[in-house]
Amino acid sequence: MSESNASATRITPGNALRPEDIAAADLKPGEAVGEYALRLGDDALILAQRLGWWISRAPELEEDVALGNIALDQMGHARSFLTYAGRAWDKTEDDLAYFRGEDEFRSCHLVEQPDGDFARTIARQLVVSHYQFELYSRLMDSADPTLAAIAAKAVKEVDYHRDHAGQWVLRLALGTDESRRRMIAGLTLTWPYVGELFEDDALVANLDGVAVRPSALRASFDAQVEAIFAEAELEAPEVPAAVGGGRFGRHSEHLGYLLAEMQVLAREHPGATW
Amino acid sequence: MVSTQCVSIRTREETLWDIAATVADPEIPVLTIEDLGVLRSVKTDDDGGNGGVVVVTITPTYSGCPAMDAIRDDIITALAANGYTDVRVNLVLSPAWTTDWMSAAGKVKLEEYGIAPPTGKAAAGKVSVGLSVKCPQCSSLNTRELTRFGSTSCKALYVCQDCREPFDYFKVH
């Protein structure tokens, strides 16, 4: 096989981590790394469950497909993070998704907030996608190669999500009086939950070089979101912050209902497969 | 003696590669996993008979792509049909898959099938330049994106403004 027609699949670009490196690696993370992966996986899992609700209910067919695809991407990220997290305790992704109680979930309050109307969902998407983009962009440099690999994959997908949310914010904010009113209402309902995303704690402080400090993401998050607000003639709502605690298993009243629906089949028929 | 052995191992892995490379994407059946760049490596510790473990490494196009489970099963079936029963399929995420790995032959097959292949390379820097997408039906460049999220994660839905036909576009990723 000559160089010119050699399969591109056998080329490893740049100095990227080779698949052989990961395949050969001992993937069992320590409990602290497992806890951190659990947070990231739970955010993605709960968001995927929320977004899946929109399939067949979105304002137009293309939007059913878009939100369904975004949910699928989030589900993929959740599976990777939870599979990795589970290895710290010899649990599978399904053990973690279906057989944990509410207080064992480590997701932030934002992702468990109700979908509301389409504008409220888009407001939540604007925040989540920009937060995840900033987070994964930095996590690509994590000293933990598995977290870095998942982040490098996820960041390309979250980039589309960010673009999608931004375009809808513009369309709704600059559309009709009613769409603008709803966009502002959606942002107002969403904003109390933004602060929790950027709170540091002892777990991330002890994972220096492995985890990304949430507070370090705030400035670039604000800059990106403010640029969209400027174009959409909006302002960040001035509302008091909600009480957080999701990272420590303290959740709002919404998560229990979400989990009941998500987990019922697996708990009713343990080990069932399609 | 030593060099002869090395040659024979390499040849066997190439044979195994070619078997694994016959597996098609279940959602885009004209493309093999080799065309797509999903097939990353095939390794075996077997240098003669068919008794060794075959380790096939694949990388998902998108994190949530549901085709991966079907591809994994198809690889195991294809190798089993050739007498290799001890097969392990590893899914790896790094380096992250990019449409840059799609073969030139794959892009031609895709277009003939009615899906516009990715145009240009994935962005290396901060600015990505959007290139015109060519209609796979009439080759017009006068096309428009209807939605970035199409029938699968990897595709967007476009419409041609000359022949008026909608078509799928395999996104640059």
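The structure reproduced in this document is the subject of the present report. It should be emphasised that the depicted structure is a prediction, and the values quoted were computed from it without experimental measurement.

### Digging into the environment of Ala 227 of chain A
Residue and element names in this part refer to chain A.
- Looking at the secondary structure, you find Ala 227 in helix α10 (residues 218-232).
- Ala 227 gets classed as partly exposed once you look at its relative accessible area, which sits at 46%.
- Between the C-alpha atom of Ala 227 and that of Gly 195, which follows or precedes it by 32 residues, the distance is 19 Å.

### A look at unusual backbone geometry
- Across the junction of Ser 94 of chain B and Pro 95 of chain B, the peptide omega takes the value -5°, indicating a cis bond.
- Inspection of the secondary structure puts Pro 95 of chain B in the loop between β3 (87-91) and α4 (104-113).
- In this model, Asp 90 of chain A sits at a positive phi of 55°, which is unusual for a non-glycine residue.
- Checked against the element boundaries, Asp 90 of chain A lands in the loop between α3 (61-86) and α4 (93-98).

### Remarks on empty space enclosed by the protein
All names here are of chain A.
- One pass over the structure, following the stated rule, counts three cavities of 30 Å³ or more.
- As a volume, the largest cavity reaches approximately 120 Å³.
- If you go around the largest cavity, you meet 15 residues; those closest to its centre are Tyr 36, Arg 39, Tyr 131, Pro 214 and Arg 247.
- A total of four residues in the lining of the largest cavity trace back to one element, the largest contributor, which is helix α2 (residues 31-52).

### With respect to the nonpolar core
- The biggest cluster of nonpolar side chains holds 112 residues, and the ones touching the most others in it are Tyr 36 of chain A together with Val 56 of chain B.
- Broken down by element, this core gets its largest block of residues, 13 residues, from helix α7 (residues 145-173) of chain A.
- Sequence-distant contacts of Tyr 36 of chain A, that is, excluding residues within four places in its chain, are made with Leu 135, Leu 139, Leu 147, Leu 203, Val 204, Leu 207, Ala 211 and Val 212 of chain A.
- By size, the runner-up hydrophobic cluster in this structure holds eight residues, among which are Val 133, Ala 156, Cys 160 and Tyr 169 of chain B.

### Remarks on the sheet that holds strand β5 (residues 143-147) of chain B
Residues and elements named next belong to chain B.
- Strand order in this open sheet of four strands is β4-β7-β6-β5, and the pairing throughout is mixed. Of all the strands in the sheet, just β4 (115-116) and β5 have a single pairing partner and so form its edges.
- Taken together, the two bridges between β4 and strand β7 (residues 166-170) define a ladder with parallel strand orientation. Looking at β7, one finds that Ala 116 is bridged to Tyr 169.

### Considering the packing of aromatic side chains
- Under the defined criterion, the tally for this structure stands at 10 aromatic pairs over all chains.
- Seen in terms of ring centroids, Trp 54 of chain A and Phe 118 of chain A are 5.7 Å apart; in terms of plane orientation they differ by 85°. Their pairing is edge-to-face. Taken as a pair, Trp 54 of chain A in the loop between α2 and α3 and Phe 118 of chain A in helix α6 (residues 118-139) lie far apart in primary sequence, 64 residues in all. The burial state of Trp 54 of chain A is the same as that of Phe 118 of chain A; both residues are buried.
- Look at Trp 191 of chain A and Phe 229 of chain A: their rings are 5.6 Å apart centre to centre, the planes differ by 45°, and that puts the pair in the tilted class. Taken together, the residues span a long stretch of sequence, with Trp 191 of chain A in the loop between α8 (177-190) and α9 (202-205) and Phe 229 of chain A in helix α10 at a distance of 38 residues. The pair formed by Trp 191 of chain A and Phe 229 of chain A is uniform in burial state, with each residue classed as buried.
- Ring pairing ties together the aromatic residues Trp 53, Trp 54, Phe 118 and Trp 168 of chain A, which thus form one cluster.
- Sitting over the ring of Phe 248 of chain A, Arg 39 of chain A keeps its end group 6.0 Å from the ring centre.
- The ring of Phe 149 of chain B carries Lys 171 of chain B above its face, with NZ or CZ at 4.9 Å from the centroid.

### Concerning the sheet that holds strand β2 (residues 54-58) of chain B
All names here are of chain B.
- Ordered in space as β1-β2-β3, the three strands form an open sheet in which the pairing is mixed. This sheet does not close on itself; its edge strands, each paired only once, are β1 (39-44) and β3. Strand-to-strand twist of the sheet, defined as the mean angle between neighbouring strand axes without regard to direction, takes the value 15°.
- Note: β1 against β2, five bridges, orientation antiparallel. Bridge pairing links Thr 44 to Val 54 in β2.
- Across the sheet, helix α3 (residues 67-81) lies against β2 and β3, angled at about 155° from β3, the strand it touches most.

### Points about a nonpolar patch on the surface
Residues and elements named next belong to chain A.
- A grouping of Val 264, Leu 265 and Trp 274 is seen on the molecular surface, where their side chains present a nonpolar patch of about 450 Å² in accessible area.
- Residue position: Trp 274 is located in the segment after α11 (254-268).
- Its relative accessible area of 96% is what places Trp 274 among the exposed residues.

### Observations concerning the pattern of salt bridges
All names here are of chain A.
- Here the structure, examined in full by the defined rule, presents 18 salt bridges over all chains.
- With its nearest N and O atoms 3.4 Å apart, the salt bridge here joins Arg 182 to Asp 117. In this pair, Arg 182 is assigned in helix α8 and Asp 117 in the loop between α5 (109-112) and α6, connecting sequence segments 65 residues apart.
- A residue is classified by how much of its surface remains accessible, and Arg 182, at 36% relative accessible area, is partly exposed.
- Accessibility expressed as a relative area gives 28% for Asp 117, which makes it partly exposed.
- Taken together, the shared-partner salt bridges connect Asp 117, Glu 178, Arg 181 and Arg 182 into one network.

### Let's talk about the interface of chain A and chain B
- Listed per partner, the contact involves 34 residues of chain A and 36 residues of chain B.
- Both sides together, the interface formed by chain A and chain B hides about 2900 Å², and carbon and sulfur atoms give 58% of it.
- Asp 163 of chain A serves as the salt-bridge partner of Arg 148 of chain B, at 2.7 Å between the closest nitrogen and oxygen.
- Put simply, chain A and chain B have 10 residue pairs in polar contact (both at pLDDT 80 or more) between them.
- Elements with a minimum of two residues in the side of chain A that touches chain B: α1 (19-24), α3 and α7 of chain A.

Cut-offs and rules
For every chain, the first residue of the written sequence is number 1, and numbering continues from 1 along that sequence. Each chain is given a letter, starting from A, and each ligand a number, starting from 1, according to the order in which they appear as written. Residues qualify for local features only when their pLDDT is at least 70, as the model is predicted, and side-chain atom pairs are given and counted only at 80 or more; totals for whole chains, interfaces and linings, by contrast, use all residues. For the side-chain quantities, the full set of heavy atoms in the structure was used; hydrogens and water were omitted. The secondary structure listing takes helices from DSSP runs of H or I that are at least 4 residues long and strands from runs of E that are at least 2 residues long, numbered from the N terminus. Exposed residues in this analysis have more than 50% of their type's maximum accessible area, buried residues have under 20%, and partly exposed residues fall in between, with area computed by a 1.4 Å probe over protein chains only. Points on a 1 Å grid, built from protein atoms alone, make a cavity when a 1.4 Å probe fits but cannot get out and make a pocket when they are open with protein on both sides within 12 Å along at least 5 of 7 lines; residues with an atom within 4 Å of a point are the lining residues. Grid points are joined across faces, edges and corners, and a volume is the space filled by probe spheres set on the points. We call a set of buried residues a nonpolar core when its members are Ala, Val, Leu, Ile, Met, Phe, Trp, Tyr or Cys and they connect through side-chain atoms within 4.5 Å of each other. Any two residues whose heavy atoms approach within 4.5 Å are treated as being in contact. Pairing between strands requires that DSSP locate at least two bridges from one strand to the other. Side-chain rings of Phe, Tyr and Trp (the six-membered ring for Trp) are treated as a pair once their centres are within 6.5 Å; stacked means planes under 30 degrees apart, edge-to-face means over 60, and tilted covers the remaining angles. Lysine NZ or arginine CZ positioned within 6 Å of the ring centre and within 35 degrees of the ring normal marks a charge as sitting over the ring. Comment: axis = line fitted to C-alpha atoms, over the contacting stretch for helices; angle = value between 0 and 180 degrees taken between N-to-C directions. Candidate patch residues must exceed 30% relative accessible area and have no salt bridge, after which like charges are joined if within 9 Å and Val, Leu, Ile, Met, Phe, Trp or Tyr side chains if within 5 Å. The accessible surface values rely on the Shrake-Rupley method and a 1.4 Å probe; as for residues, cover is taken only from the protein chains in view. Every case where a carboxyl oxygen of Asp or Glu lies within 4 Å of a side-chain nitrogen of Lys or Arg is listed as a salt bridge. Throughout, buried area stands for the accessible area (probe radius 1.4 Å) lost by two parts on being put together, summed over both. As used in this structure description, the phrase polar contact means that two N or O atoms lie within 3.5 Å; if the pair is within protein, one of them must be able to donate a hydrogen and the other to accept it, and residues adjacent in sequence are counted only when both atoms belong to side chains.

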